[in-house]
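Single-letter residue listing:
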Amino acid sequence: MTSARGTRVQAAVPQAELPMLRAYRHWFEHARKCADCKRVSRVQDGCENGQGLWDDYRRAYDGGAG
């Protein structure tokens, strides 16, 4: 009988990203690169695309309600 003592088996299953965190990451990556969104302090003052990404984040944060 052979023993597998001392060996570790790790699952190769990627961790699922929460929808809220994924939406925030998309907005954050956009805001970092967008010239319009970089220079403002409020999302409402950023570009239309940035505002849409923020709206997606807010919907995911609220659980998809609204």
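As shown above, the structure is provided for reference.
Residues numbered from 1 in each chain as written. Predicted model: local features only at pLDDT ≥ 70, side-chain atom pairs only at ≥ 80, totals over all residues. Heavy atoms only, no water.

(A) The nonpolar core, seen in detail. Residues Trp-27, Ala-31, Cys-34, Cys-37, Val-43, Cys-47 and Leu-53 constitute the largest nonpolar core, which totals seven residues. Setting aside chain neighbours within four positions, we find Leu-53 in contact with His-26, Trp-27 and His-30. (Core = buried A, V, L, I, M, F, W, Y, C linked by side-chain atoms within 4.5 Å. Buried < 20%, exposed > 50% of the residue type's maximum accessible area, 1.4 Å probe, protein only. Contact = heavy atoms within 4.5 Å.)

(B) Structural detail: the packing of aromatic side chains. Following the criterion strictly, the structure yields seven aromatic pairs and no others. With 6.3 Å between their ring centres and 20° between their planes, Tyr-24 and Phe-28 make a pair best called stacked. Here Phe-28 and Tyr-24 lie together in helix 1 (residues 19-33), a separation of four residues that amounts to about one turn. With centroids separated by 6.0 Å and ring planes inclined at 45°, the aromatic side chains of Tyr-57 and Tyr-61 adopt a geometry described as tilted. Pair noted here: Tyr-57 and Tyr-61 are both in helix 3 (residues 48-61), with a separation of four residues, about one helical turn. We classify Tyr-57 as buried; its relative accessible area is 12%. According to the relative accessible area criterion, Tyr-61 is partly exposed, its value standing at 48%. Through a chain of ring-to-ring contacts, three or more aromatic side chains come together here, namely Tyr-24, Trp-27, Phe-28, Trp-54, Tyr-57 and Tyr-61. (Phe/Tyr/Trp six-rings, centres within 6.5 Å; stacked < 30°, edge-to-face > 60°. Helix = DSSP H or I, 4+ residues; strand = E, 2+ residues; numbered from the N terminus.)

(C) Helix 1, seen in detail. In this model helix 1 runs 22 Å from its N-terminal to its C-terminal C-alpha over 15 residues, within 8% of the 21 Å that 1.5 Å per residue would give. Three or more residues of helix 1 are buried, namely Ala-23, Trp-27, His-30 and Ala-31. Along the axis of helix 1, the buried residues cluster in a sector spanning 100°; they form a single face. If you follow the buried residues of helix 1, they end up packed against helix 2 (35-38) and helix 3. (Expected span 1.5 Å × (residues − 1). Arc of directions from axis to C-beta.)

(D) View of the side chain of His-30. Inspection of the secondary structure puts His-30 in helix 1. Here His-30 falls in the buried class, since its relative accessible area comes to 16%. Excluding residues that lie within four positions of it along the chain, His-30 makes contacts with Cys-37, Cys-47, Asn-49, Gly-50 and Leu-53.

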